[in-house]
Amino acid sequence: MAQRPLPVLPAFPDTARVALADTQMRRNLARATTTIRAKRANVVGEMPDWEALRTAGAVIKADVMRHLDRYLLQLEASVTRAGGQVHWARDAAEANAIITELVRATGADRVVKVKSLTTDEIGLNETLRHNGITAIETDLAELIIQLAGEKSSHILVPAIHKNRSEIRDLFRRTIAQGDAGRSLTDEPKELAAAARRYLREQFLSAQVAVSGANFAVAETGTVAVVESEGNGRMCLTLPQTLITVMGIEKIIPTFRDFDVFLQLLPRSSTGERMNPYTSLWTGVTPGDGPQTFHLILLDNGRTNVLADTVGRQTLHCIRCSACLNICPVYARTGGHAYSSVYPGPIGAILTPQLLGLERAKTLPYASSLCGACYEVCPVKINIPNVLLHLRGEVASRAGSLDPEAVAMRQLANIFAQPQRYERAQRWARRGQRLVVRDGTINRLPGMLAGWTRARDLSPMPSQTFREWWRQRQPRRTEDS
């Protein structure tokens, strides 16, 4: 199966402008992120060794990146030894082709899915549909998005942009029609019960399940999925065939490393001390759970990220979404403005590296560089540093005729010589007369107008410091 051309994402300023006009979405988002932030702060505040845990998580992930080739081979051997089968996929097309053939081999025309960003990344549901196979999302938020025909807007809470009334109306149109739909209210218990009735039938009849993976242990071949609803547990135990799609960066070296990450992840993501459901499985156990297990190790641009000594820390991400919940840009634009499976600050650095900067060159600028994302990241990814690094890459690739690059070269030339710099100051002092109004520059012409849309500038003073200093020199000499 040929790899489809990778998309060029819409410019973030354009998509953000559309999102900012959706006041209902912004209200929904503000309410949800505020709640999650408060819960996280409470449970993190209980941990006297939180910073030590963050450091430990960062060290473990850095070790994995440094020795990823060795850990991948160790994981393959461990999974195979435990009765599983390992498949390697260079890109989305290879991964989708492998999964499609595995499902076809079972004779099934339907799969149930555990929430998985990785399968969203490769567009698995669309590929299966084109091949006559129905993929059913079983996570409540993912089900809502699927029924609505929309894309996820949050790593942890895909339907964060929707409120209860919108979900009720959606369920009435889809899974709760007739008398059940007419009596359905927007009470959370009733909405959850409607989803449960629909999904229970899917769980009990499914032959194949597809999951992602939060972690996989190189030492033992153990794979882990953490979740809050129990839908994952149903998918991971009832079907006879389980297919897990995992980005190659999700490895942890030893089983003991769970001690670190199962403290970091739930507190940073859902604001809980532990996840309600933590499912671990190692290969196949005769007579218990799926009798066929396939693990697909997905690259899809990750080795390119690994080659970048600054950007590779992006692969440390454990998908907790803490950076989204704290980000002032995400809080106002929502996830759809990023045009990617991975929104928010982590998406602003991960997506351009996976797709290629030329396809997502505006995303590294989707940040105020306030640094809040770095402060809350459980594995200490320095997101602002990577953002600046990627911005530098965008600028260096812009070409010699790019207006910004031309302007910066001219400024560098001016700043290189004091005489040129002072001459430019004198010209600017004369030229500013055209734009100074009431002692302020509040509107610049042409491409510079962007600076003054949200800020006023002070005009150049009538005398520079150097001019003032030179005037004082003779007087000081006489006094001495």
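Above this note sits the structure.
Reference entry: report on the structure contained in this document. (Residues numbered from 1 in each chain as written. Predicted model: local features only at pLDDT ≥ 70, side-chain atom pairs only at ≥ 80, totals over all residues. Heavy atoms only, no water.)

1. Things to note about a nonpolar patch on the surface
On the surface, Met408, Leu411, Phe415 and Tyr421 cluster together into a nonpolar patch covering about 400 Å² of accessible area. With three residues, helix α20 (residues 403-415) is the largest single contributor of residues to the nonpolar patch. Inspection of the secondary structure puts Tyr421 in helix α21 (residues 418-431). We classify Tyr421 as partly exposed; its relative accessible area is 33%. (Patch = residues over 30% accessible without salt bridge, like charges linked within 9 Å, V, L, I, M, F, W, Y side chains within 5 Å. Areas by Shrake-Rupley, 256 points an atom, 1.4 Å probe, with all protein chains shown as cover. Salt bridge = Lys/Arg side-chain N within 4 Å of Asp/Glu carboxyl O. Helix = DSSP H or I, 4+ residues; strand = E, 2+ residues; numbered from the N terminus. Buried < 20%, exposed > 50% of the residue type's maximum accessible area, 1.4 Å probe, protein only.)

2. Here's the deal with helix α8 (residues 140-148)
Every buried residue of α8 is listed here: Ala141, Glu142, Leu143, Ile144 and Ile145. Contacts from the buried residues of α8 go to α6 (117-121), β3 (134-137), α9 (164-173) and α11 (188-205). Directly beyond the C-terminal end of α8, a positive phi value near 70° is found at Gly149. (Contact = heavy atoms within 4.5 Å.)

3. Quick look at the side chain of His154
Mapped onto the fold, His154 is located in the loop between α8 and α9. The buried category is assigned to His154, whose relative accessible area is 0%. Apart from residues no more than four positions distant in its own chain, His154 is found in contact with Ile160, Ser321, Leu324, Asn325, Tyr330 and Pro343.

4. A look at the packing of helix α3 (residues 50-66) against helix α13 (residues 258-269)
Two quantities define a packed helix pair, namely the angle between the helix axes and the distance between the axes. It is at 10 Å that the axes of α3 and α13 come closest, and there the two elements cross at 115°. On the basis of the axis angle, α3 is roughly perpendicular to α13. At the point where α3 passes α13, the crossing takes the left-handed sense. Residues Trp50, Leu53, Arg54, Ala56, Gly57, Ile60 and Lys61 of α3 form the contact with α13, whose own contacting residues are Val260, Phe261, Gln263, Leu264, Arg267 and Ser268. (Axes fitted to C-alpha atoms, helices over the stretch in contact; angles between N-to-C directions. Parallel < 35°, antiparallel > 145°, perpendicular 65-115°, else oblique. Left-handed = near helix turned anticlockwise from the far one by under 90°.)

5. Examining the environment of Tyr421
For the pair Tyr421 and Leu411, spaced ten residues apart in the sequence, the C-alpha separation amounts to 9.0 Å. Excluding its chain neighbours within four sequence positions, the residues that come into contact with Tyr421 are Ile414 and Phe415.

6. Concerning the environment of Ala58
Secondary-structure assignment places Ala58 in helix α3. Excluding anything up to four places from it in sequence, Ala58 contacts His316, Val379 and Lys380.

Everything listed here is a matter of coordinates, which is why it stays silent on function.
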